[in-house]
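Tertiary structure, described
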Amino acid sequence: MNWSHVKLIFHREVRDQLRDRRTMFTICILPLLLYPLMGMVMLQVAQFHREQHVSIGIFGYENWPSDSPLILDSSDPSQIRWETLTVDDSIGATLEQFQSVQAQTNSEVKNKSTESYIVNGKAAEKLLRQVHCDAVIWVPPGYHNSISINPLVILSNQRWERSQLAIRLLAEKLEGWHLSWIRTQLAWTELGTALVDPLAIRQLDVSPPEVKRALVWTKILPFVMLIWALTGAFYPAIDLCAGEKERGTLETLLCSPARRKEIVWGKLLTIMCFSMGTALLNLASMHTTTSIVMTQFSQLGATDMVASLGPLPLHSMGWLILLVIPISAMFSALALAVASLARSTKEGQYYLMPLLLVGMPLVMLPMIPGVTLSHGTSVVPVTGAVLMSRALIDGEYGLALLHLPTVIAVTLYCCFLSKRWAIRQFESESVMFRDSERSSVAQWIRNVWRQREDTPTSNESILCGLLIIVGLFFGRLSLSGMPLSWTSVVQSTLVIQVGIILAPALIMATMLTRCVRKALRLHRPRPLEMMAAASLAVCLHPTFMAFAAEVGKEYKLGEQTNSMLMQFDSIISSTTIWQVLLMLALIPAICEELVFRGFLFAGLQRNGGQLRAILVTAAFFGLSHGVLQQTITASVMGLMIGWIAYRSGGVACTIAFHATHNSISMLLAWYSNRGLNSPHYLSWAIEHSDGHLAYTSTWCALSVGIAITLIAWFATRGSVLSNPRSSIGMNDLHQQRVTFTA
Amino acid sequence: MDFVQVQNLCKNYPDAALGEFKALDNISFVARAGEVFGLLGPNGAGKTTALRILATILQPSSGSVRIYNFDVTEQADFVRHSIGFVSNNTAIYDRMSAWEFVEYFGRLYALPADRLYPRMEKIFRTLQMEEFRDCPGVKMSTGMKQKVSIARALIHDPPVLIFDEASLGLDVMVARALQSIVMDLRDQGKCIIYSTHIMREVERLCDHVAIIYKGKLLDTGTLEELADRHEQNDFEELFFQLLTKGDKGHFDAKPPVDLGMRIRTASTASQGRAL
C-alpha cells in the first residue's frame, strides 16, 4: 500500500470537509454553542422554577388550631402564597358536595393524622378558577378541636402543573406542621419529644466529592460521547462516499493511481478525525458548561443530586479521550461501509437510522444499573470499552488491567472487520456503480423462480435465519402464558421446532431451490461417521458441561428463569424417559440440524464460504436459544457442529451428534431430578455429587483425549472432498459479492 | 503502434428482470497512436461500460484489454499511469479551486514539484484557464469544469486519453474548443478514444470508428470504409441504418480492420499550441 496516496487523500478530504459550512456547523459550531445554550436555558428554567409561586386558598382558616398556625407571617420564605378565603353560599354548597362525594369513595389519601382528600372534577376545576388558586384547603368547622377526626379537604386539579406543584409544596408544609404539632403535644406529656425521632442516624460518606462527581459523569459522558462519535462519523461519511458518487468525482478518483484500499484508508482516517473531533469538542464544551452551570446551581441551593454533578475531574477526561479513539475508528469504518451503499446524499441519510439503532443498545447497556466490567461484558463490543473507561475513571486499575487485553482485542477485531467490510464495499462494482434500476416485485419473484438452483443462495439462507429468529421471538412471547405441564412442553416444542424453525426452511427449500435433498444437505448416512459423531458428542459433553457452568457463573440466571427451570425439571422427571428423549432430544436435533446445518449451511458455504457458513450458522443456532446463557453455549457448540457438518458434507452426522448431546443432558437431568443414581457399570464415569449426577475426574480427563482423537479423525478424513458441490458460475460469483456487501 | 487493444471483451451485469444483462458482448477493436478512435452508439449501447473497463474502473467479465501494452486486469497500476479519463459529468470537487484540483491529481500521479508546477502552468495557459485558476468548482460553468477535467487528465502526460461523451451539455463555443484540444492531442501522437453519439463530432474528429449497439459491435473502420461497405455517404443515415439492422439481428461482430489503412476523414490538424 502506498501511504503517500493515503496521506494525499486524507489531506484533501480534511480540507474539503473543513470548507464545508454544514459539516463545520454540525461538528464544531454546534457543540460549542449547544451546551452553553442548554446551560443558559437550564439556569433560566431553574430560576423560573425556583421563583415560581403557587397560590393556595384556605376556607375556614379561623377553624385552624390557633396555637400552631399554618400560615406564618410575610417572612415565610416558601413558594406558597396563602389566600384566606371566605365561604359564601355557592362555594359552601360545592364544598359540602365534595365532602359527601369523598365520603362515598375510597380515593382518600391518608397523611399522618390529617386526612386530606384530593377531589377531581369539573366542579373543583370551576371552584379553583373562581378563587384563582392552584389548590384549595377547606378547614371544616370545629377542626381545631378534633384534627384527627375531621377531615381536611384539599382540592386540586392534577392536570395543571401548577396545581401539582401546589400539592407537593403543601404536603411538605403539612408534614413539617404535623411534626411540630406532635412535638408540641408530646412536650406537654412526660414522654418527651424523643418519640418523634426514635432513631438517631448520622450518615458518613467517605468517598471524596470529586470521585462522586466522576461516578455520575461516567454514566452520562460515555453515552454522550459515543452518540456524537457516531454522528460525527456519519455526516462526513455520507459526503465522502454518497456525495462523491452523486457528484461523479468518485469515478475520477477510482481511475487515478490510488488503489481502492488506499482510497478507503484516506477516507476512513478523515471520517475518524471528524468523529473524534466532534466527540472531543462536545466533551470539552459540555465540561466547561457544566462546570459553570453546576456552580451556579449550587449557589442557587440546588438539591444534593444536582450539587453532586460538579465539573468532571481532569484525569477522567483523559480516560474518556482514550476511549473515543477505538470507538471512533470502529464507527467510522462502519459509517464508511454503510455510506458507500448509498447512491446519493439523501439515500445515505436514510441509512443513518439503522446504524444508530444497532449501535444504541451497545451504548445503553453500560448505563443499566449493576452492569460492570467482567469477563462477560468485556467481550461485548463498545460496551466493554465503555465499562473499561468507567473502571479507569473510578480508579479501579487492577480490574481494568485484568480485562484490558480482552477489550483491546475485541475492539481491534471489530475495527478490523469494519475496515475490511468498507474496503470490500469499495471493491464491489455492484456497490460502487449501482444504477437506480427499476424493478417490480413480480419481476424479482419471476427472476428468483427462474434462477433456482440445487441449493439456496447465501442471501436466501440468511433471510431464512432471520425469519426464524423473528418467528421465535414472537412464538416464545405467545407461548409464555401457557401453564407448565408436560402437555404444554410437548405443544411448545412442536410449535417451535416444527412450526417456527423447520417450516420456513422447508417452504423455502421447496420454492427457491430445485432439489430439496441438496438444499437440506440430506445425503446417504455413513454409519461409521455417524457413530464417530455420536461418540464425539459423548466425549465432549463433560467439557461442554464445564463450559456451561463457567458461563452460568459469569452470567447468572435470573430468579424467574431459575424457578422456571426448576419447574421444567420437575415436569420432565414426572414423565417417562423415552418421551423426554423423543420430544426434547431427537425432535429438536432433527429440526434444528435440517435448518441450521442443512438449509442455512448449504447457502452460506457456496463458493468456498465454509468458514462463513460455520460462523453464521453457529450464531443463528445460538440466537435461536432464547436465554442469553444458552445462546453463548449453543453458539460455541454450534461451531463444533458446523465443523462436523463441513467435514461430513451433510446433516446425518450432525443430527447424530446433536441428538446424542441432547440425550445425555436429558438423561443426567432426569436421573438427578428423580434422585436416582447412575447404573453401577458407569460409576467410573458418573458419580452422585450434591444431589446431582456429575462426571468423574477420570472420565473428564479421558474424554478430552478421546475427543481430540475423534476430531483428528474427522479432520484427516477426506469425505468432504467427495461430496457433491454446487456448480460455480459467474452468477454465483456475483451473488457472493452481493452477499458480502449486503 | 497499437496503444489500445480490445479483444473479445464481455461485461455482464446482474439484472433483476433478466438475471444477467450483457452490457458488452464480444467487443474487439484496436486504436493506435496519433489517432482519434470514435466509439459510437446510442444511449445505453455500452460505450461508458467499455470506457470504464479501459480506465480500470470496472473489471471485464471476459476477454482481454491492453492499454499501452499493459493488461487492465493484471497491471491496473501501470494502466492508470498510461491513461487520462474525462467523463461526461465534468466531475470536479465543489470546494476545490481549479489549481488545487489539478495539483491534487498531479501529486497522486507522483509528479515531482519541479515537473508538476511548470506543467500545470503550461496546461493552464494552453487551455486558457488562468482566469479561473482560483475559482472553486461550485462557481464554475460547465465549460470551465470540462476544461479542468481535461487539465486533470493531461497532467501526467498519458499516451492514451479517454473522452466519454465529453461534449455533452457544452455550448457550441466550448464544444468547438474541446474538439480543437482533441485534435491538438492527436497531432502530438496520443491515442484518443472518443465516445460520442453526435455524428458531426465524429465526422470532424474521428479517424476510425467502432459502432456499438446493445453491447454488440456492429461495425468498425474509417468513415470511408464504412461508407463504401454500406453504400451510404451520409454518416448519420449510415449510423441509423446500422442500428436498424442491429435491431433486426443482421449483424455479427466483425474483426477489427487493418488500421494501417488510416484515412483522415474530416478535419485538418489544428495549429493550436501543443500540450
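Quick summary incoming for the structure in this document.

Definitions and limits used
- Residues numbered from 1 in each chain as written.
- Chains lettered and ligands numbered in written order.
- Predicted model: local features only at pLDDT ≥ 70, side-chain atom pairs only at ≥ 80, totals over all residues.
- Heavy atoms only, no water.
- Patch = residues over 30% accessible without salt bridge, like charges linked within 9 Å, V, L, I, M, F, W, Y side chains within 5 Å.
- Areas by Shrake-Rupley, 256 points an atom, 1.4 Å probe, with all protein chains shown as cover.
- Salt bridge = Lys/Arg side-chain N within 4 Å of Asp/Glu carboxyl O.
- Helix = DSSP H or I, 4+ residues; strand = E, 2+ residues; numbered from the N terminus.
- Buried < 20%, exposed > 50% of the residue type's maximum accessible area, 1.4 Å probe, protein only.
- Contact = heavy atoms within 4.5 Å.
- Buried area = accessible area lost by both parts, 1.4 Å probe.
- Polar contact = N/O pair within 3.5 Å; in protein donor to acceptor, adjacent residues only side chain to side chain.
- Core = buried A, V, L, I, M, F, W, Y, C linked by side-chain atoms within 4.5 Å.
- Phe/Tyr/Trp six-rings, centres within 6.5 Å; stacked < 30°, edge-to-face > 60°.

**Overview of a nonpolar patch on the surface**
There is a patch of nonpolar side chains on the surface, built from Phe 25, Ile 29, Leu 33, Leu 37 and Met 40 of chain A and spanning about 460 Å² of accessible area. Relative to the helices and strands, Phe 25 of chain A is located in helix α2 (residues 21-51).

**Section: the pattern of salt bridges**
One pass over the structure, following the stated rule, counts 28 salt bridges over all chains. For Lys 553 of chain A, the salt bridge is made with Glu 550 of chain A, and the minimal N-O distance between the two is 3.3 Å. Of this pair, Lys 553 of chain A and Glu 550 of chain A both sit in helix α21 (residues 527-554), separated by three residues, roughly a single helical turn. Among the residues examined, Lys 553 of chain A registers a relative accessible area of 54% and is labelled exposed. We note a salt bridge from Arg 133 of chain B to Glu 121 of chain B, for which the minimum N-O separation is 3.9 Å. Pair noted here: Arg 133 of chain B is in the loop between α4 (113-126) and α5 (142-154) and Glu 121 of chain B is in helix α4, with a separation of twelve residues, a long-range link. Because the salt bridges share partners, they merge into one network encompassing Arg 12, Glu 13, Asp 16, Asp 20, Asp 239, Glu 244, Arg 247 and Lys 267 of chain A together with Arg 95 of chain B.

**A look at the interface of chain A and chain B**
Taken together, the contact pairs 36 residues of chain A with 33 residues of chain B. In total, chain A and chain B occlude about 3300 Å² of area from one another, counting both sides; carbon and sulfur atoms represent 52% of this. When the buried area of chain A at its contact with chain B is split by residue, Glu 251, Cys 255 and Pro 257 of chain A rank highest and sum to 19% of it. Counting the contacts that link chain A with chain B gives six salt bridges. Arg 95 of chain B is the partner of Asp 20 of chain A in a salt bridge, and the nearest nitrogen-oxygen pair spans 3.7 Å. Where chain A packs against chain B, one counts nine residue pairs in polar contact (both at pLDDT 80 or more). Taken together, the elements giving at least two residues each to the side of chain A that touches chain B come down to α1 (3-18), α6 (209-247), α7 (249-254), α17 (441-450) and α29 (730-741) of chain A. The element that contributes the greatest number of residues to the side of chain A that touches chain B is α1 of chain A, accounting for seven residues.

**Details of helix α1 (residues 47-54) of chain B**
Burial within α1 of chain B is extensive, with seven of its eight residues counted as buried. Of the residues trailing α1 of chain B, Thr 56 of chain B is marked for its positive phi of about 65°.

**Notes on the nonpolar core**
Judged by nonpolar contacts, the single largest core of 160 residues is most densely connected at Val 4, Phe 163 and Phe 235 of chain B. Excluding residues within four positions of it along the chain, Phe 235 of chain B makes contact with Leu 40, Met 199, Val 202, Glu 203, Val 209, Ile 211, Leu 223 and Leu 226 of chain B. Counting 65 residues, the second-largest nonpolar core is a separate cluster that includes Val 490, Phe 621, Ala 685 and Leu 710 of chain A.

**What to know about the packing of aromatic side chains**
Aromatic rings in a pair are described by how distant their centres are and how their planes are angled relative to each other. Under the counting rule described, the total for this entry stands at 21 aromatic pairs over all chains. Taken together, a centroid distance of 4.8 Å and an interplanar angle of 15° make the contact between Phe 29 of chain B and Phe 37 of chain B stacked. Here the two residues Phe 29 of chain B and Phe 37 of chain B agree in accessibility, since each one is buried. Aromatic side chains Tyr 93 of chain B and Phe 101 of chain B sit 5.7 Å apart centroid to centroid with 65° between the ring planes, which places their arrangement in the edge-to-face category. An identical accessibility class is assigned to Tyr 93 of chain B and Phe 101 of chain B; each is buried. Three or more aromatic residues joined by ring pairs form one cluster here, namely Tyr 61, Trp 64, Trp 177 and Trp 181 of chain A.

**Some details on unusual backbone geometry**
All names here are of chain B. Even without glycine at this site, Asn 8 takes up a positive phi of about 50°. Assignment of secondary structure puts Asn 8 in strand β1 (residues 2-15). On the accessibility criterion, Asn 8 (37% relative accessible area) is partly exposed. A positive phi angle, near 55°, is found at Tyr 68, a position not held by glycine.

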